[in-house]
Structure formats: C-alpha cells, structure tokens
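Residue strings, one per chain:
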Amino acid sequence: MKTRAAVLYKMEHPTPYAESQPLVVEEVELAGPGPGEVLVEIAGAGLCHSDLSVIDGSRPRVMPMVLGHEASGIVREVGPGVHDLAPGDHVVFSFVPVCGRCLPCATGRPALCENGARANIAGTLLDGSRHFRNAAGQELHHHLGVSAFSQFTVAAQESLVKIDPTVPLEIAALFGCAVMTGVGAVMNTARVEPGAGVAVFGLGGVGLSAVLGAQAAGAYPIVAVDILEAKLTLARELGATHTVNAAREDPVAAVKELTGGGAPYAFESVGNEQVLIQAYQATRRGGTTVTIGLPHPSRQFAVPAVSLVAEERTVKGSYMGSAVPRRDIPRFIALYQAGRLPVDRLLTRTIRLEEINPAFDALARGEAVRQVIRF
C-alpha cells in the first residue's frame, strides 16, 4: 500500500531545518503485516528530542529511515499469529519491542530487552524485517520499531499496547515516550516516596513528565530547573513547588537551599553531561541521581569517586522509565483519567506532516514542549 511519510536520508543537516529540509515528506510503499505484525493507522505522532538527536547526528542511526517513535493509532489489519489485537483497537506504541524471552525481559526489565535493542539498532522490526521502500525501490529503515512519521506503519505486536478508546489519541501518543519515560523514572526507577524532595533539571516533555510524576507520587518539595522562563512557569502550573532559572543563578546552590542541603532525588533530562554533574552535585548525601537524557555517545561523566562511598550516593540510568509498557501505559493513562496526571498540558500544538521541519526548529529552540502530528 501507499503511505505518506517523513524520511531522513542523512544526518547532520544545518539549522534552521525549515531551510535545510532534513526530513523529506514523500509517498512510499509499505508492505503489509507478516506473522506477529500489525498494520496501524497513525492518529498522533509526537516530536521528541530523541528524534532531533537522530537528525543532528548525536544519536546515530542507520539511514535512510522513517523517523518517529512516540505515537498512538488505530489497528487496521493484523497478521497471522496476532490474537490480542483486532482491527479497530486503539493502541500506543512502545519504542522498545519487548520480546519476552531474553534475560532482561525474564527478570522484569523489558526496557532493556536485548532482542528489541538489537532490532532498534539495526533499524528493523523485531524479526529483522523492513517494510518501507521509496519510489525508487530503496529500502527504508524503521525508527525504534515504530516509524510514526507515516500515515500508516507496520509494527511487531510486541511494540503495541491496547488502550481505552475514550482517550483522545493526540494525548494518548504522549504516553508512548514523554510520559512513560518521565513518570516512569520517578515511579519505577527512583521509586520516590511521599514527602521526599525532588529536583528536575531540564523541562522538556520528559522533564515536565517527571514533574507530573513527582507531584502524583506526593513528593515535596519539587524543584524544577531550566533556563527558559516559559517552561518554569508551566512547571509551576504542573505541580513544581519551586523553580530555578539556571541562566540567572547557580542551580546547585539554589536546589541545596530549597531542599535543606540537597535533594534526596535529582533527575537530569537534558542529555548533557554538564547538567548531569549539576544534578549530582545538587543531590544530598545518601541520595539518588537519575539520568534520563541521552547525551552524545562520546561524552563522559566524571564525579569524585570517593563521594559514592563516603556519602553513599547512587547514580542510576533510566531508559524508557524502567517501564513494563503493558503494565505502565494503562496505569499512567488511568492516572490521567483520574486527574492525577494532566498530560494534556504538555501538548503545545498539533501540526500537519508537511510542517515537520520548522516544527523541529521550534523544538530545538525550546519553544514547544510537545508538538503532535495529526494525519
């Protein structure tokens, strides 16, 4: 079948993207679902910094590729062997396909699925297949098993989570990355207790989701740190009890003052090793620093080694919010429906697929939290 898609043919285009046009919107051929696979019509696809990191080359992937990994949609066709999904079902994508058979899956850590990671690095679906070709017959890679910047896509059933059909699909898309990652980091990775202090460094979609998660977990105080005043204002509206503009004051000193010597839990969601160092320095003795952002693979993170022992510090990585997608996406949606996670406040605007390049400029400038493509 034919579908309209945004294809990235090479990385490291110059900015502004409105001029360099890294993503080519074109009609491509999409093969139907094979065994264990599902054809999904995309209803909402979010623009995320992880997509931007592929475009600017800081998160290298195989090219060419149909980008997009945060999405919701409606099942249109299922392949042989698919029993839990049917045409008409509403779904959210997990950007790690969970095989259920490898050691991480078997030990309750599906975000680290070895087979899913292998497929994602190769730009294929879980079974190694690719389903997109351009008009010249060139094979196109899948982004994280999702490739949401296409009106239709094919995904492994292990990449899909069935959801309540009453949830608006443009909001549901955000649960596939921003919410699962940010809220999951608070609730799954750190397991923040009620009354514990939290500091969040970086207020993009994931960082603001961590603020939402901290508020839902009963944390206090919740200190939000960024360099953009508009994001600090939104953080206060979403539950931050204090905000720090890191462009105007020392964020480490400010967080320590607001939390009585350092935050029990500090989260870094920028993907910058210098910000990670600040988050570590702002963590109290015996506290936990959680890093959510994805820095360039060449970047290094250094801290005083003695502090890990003498201060009983913990540094933890959190990938995909340490989530179990089929458990966590429905429960986070339930919290949204109960008014505990106002995820709709993260949606800056909806856009058309043809507006994708200037929309990434807005994301890079920090002018938008989440922009969602509506087909």
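Check the entry above for the structure.
Residues numbered from 1 in each chain as written. Predicted model: local features only at pLDDT ≥ 70, side-chain atom pairs only at ≥ 80, totals over all residues. Heavy atoms only, no water.

### Some details on the layout of surface pockets
Moving on, step 1. The calculated volume of the second largest pocket comes to roughly 340 Å³.
Moving on, step 2. Lining of the second largest pocket is provided by 15 residues; of these, Gly 108, Arg 109, Asn 188, Thr 189 and Ser 322 occupy positions nearest its centre.
Moving on, step 3. At the level of elements, helix H6 (178–190) and strand E16 (314–317) are the ones that each hand at least two residues to the lining of the second largest pocket.
Moving on, step 4. With three residues, the single largest contributor to the lining of the second largest pocket is H6. (1 Å grid on protein atoms, 1.4 Å probe; cavity = no way out; pocket = protein on both sides within 12 Å on 5 of 7 lines; lining within 4 Å. Points joined across faces, edges and corners; volume = space filled by probe spheres on them. Helix = DSSP H or I, 4+ residues; strand = E, 2+ residues; numbered from the N terminus.)

### Focus on the packing of helix H7 (residues 205–216) against helix H8 (residues 229–238)
In a pair of packed helices, the angle between the axes and the distance between the axes together describe the arrangement.
Moving on, step 1. Running from N to C, H7 and H8 cross one another at 25°; their axes reach a closest spacing of 9 Å. By the angle between their directions, the pair H7 and H8 is classed as roughly parallel. For the crossing formed where H7 meets H8, the hand is right-handed. Between H7 and H8, the residues in contact are Leu 208, Val 211, Leu 212 and Gln 215 and Lys 231, Leu 234, Ala 235 and Leu 238, respectively.
Moving on, step 2. When grouped by side-chain class, the residues that make up the contact of H7 with H8 number six nonpolar, one polar and one charged. (Axes fitted to C-alpha atoms, helices over the stretch in contact; angles between N-to-C directions. Parallel < 35°, antiparallel > 145°, perpendicular 65-115°, else oblique. Left-handed = near helix turned anticlockwise from the far one by under 90°. Contact = heavy atoms within 4.5 Å. Nonpolar A, V, L, I, M, F, W, Y, C, P; charged D, E, K, R; others polar.)

### Observations concerning the sheet that holds strand E11 (residues 198–201)
Moving on, step 1. Strand order in the open sheet made by the six strands is E13-E12-E11-E14-E15-E16, with parallel pairing throughout. Across the chains shown, the open sheet's two edge strands, defined by having one partner strand only, are strand E13 (242–245) and E16. Sheet twist, expressed as the mean angle between neighbouring strand axes with direction ignored, is 15°.
Moving on, step 2. When strand E15 (residues 283–291) meets E16, the two strands line up parallel, connected through four bridges. Within the sheet, the bridge partner assigned to Thr 289 lies in E16 and is Val 315. (Pairing = 2+ DSSP bridges.)

### Brief notes about the pattern of salt bridges
Moving on, step 1. Following the criterion strictly, the structure yields 18 salt bridges and no others.
Moving on, step 2. Across the pair Glu 354 and Arg 4 runs a salt bridge, and its minimum N-O distance is 2.4 Å. Of the two residues, Glu 354 is situated in the loop between strand E17 (347–351) and helix H13 (356–364) and Arg 4 in strand E1 (residues 2–8); the sequence distance between them amounts to 350 residues.
Moving on, step 3. Classification of Glu 354 by relative accessible area gives partly exposed; the value is 41%.
Moving on, step 4. Owing to a relative accessible area of 30%, Arg 4 belongs among the partly exposed residues under this scheme. (Salt bridge = Lys/Arg side-chain N within 4 Å of Asp/Glu carboxyl O. Buried < 20%, exposed > 50% of the residue type's maximum accessible area, 1.4 Å probe, protein only.)

### Some details on the packing of aromatic side chains
Moving on, step 1. The tally for this structure, following the rule as stated, stands at four aromatic pairs.
Moving on, step 2. With a centroid separation of 6.2 Å and 65° between ring planes, the pair formed by Phe 149 and Phe 360 is classed as edge-to-face. With Phe 149 in the loop between strand E8 (139–142) and strand E9 (152–156) and Phe 360 in helix H13, this pair connects stretches of sequence that are 211 residues apart. For the pair shown, Phe 149 and Phe 360 are each scored as buried. (Phe/Tyr/Trp six-rings, centres within 6.5 Å; stacked < 30°, edge-to-face > 60°.)

### Examining helix H12 (residues 325–337)
Moving on, step 1. Its 13 residues give H12 an end-to-end C-alpha distance of 18 Å, which sits within 8% of 18 Å, the value for a rise of 1.5 Å per residue.
Moving on, step 2. Taken together, the buried positions of H12 are occupied by Pro 325, Asp 328, Ile 329, Phe 332, Ile 333, Leu 335 and Tyr 336. For H12, the buried positions fall inside an angular range of 155° around the axis, keeping them on one side.
Moving on, step 3. Taken together, the buried residues of H12 touch strand E6 (90–93), strand E10 (160–162), helix H5 (169–172) and H6.
Moving on, step 4. Of the residues one or two after H12, Gly 339 is the one with positive phi, at around 85°. (Expected span 1.5 Å × (residues − 1). Arc of directions from axis to C-beta.)

### Observations regarding the packing of H6 against H7
Moving on, step 1. Put simply, H6 and H7 touch, their axes get as near as 7 Å, and they point 45° apart. With respect to H7, the element H6 is oriented oblique. At the point where H6 passes H7, the crossing takes the right-handed sense. Mapping the contact onto sequence places Ala 178, Val 179, Thr 181, Gly 182, Val 183, Val 186 and Met 187 in H6 and Gly 205, Val 206, Ser 209, Ala 210, Gly 213, Ala 214 and Ala 216 in H7.
Moving on, step 2. Here the contact of H6 with H7 is built from residues that sort into nine nonpolar, five polar and no charged.

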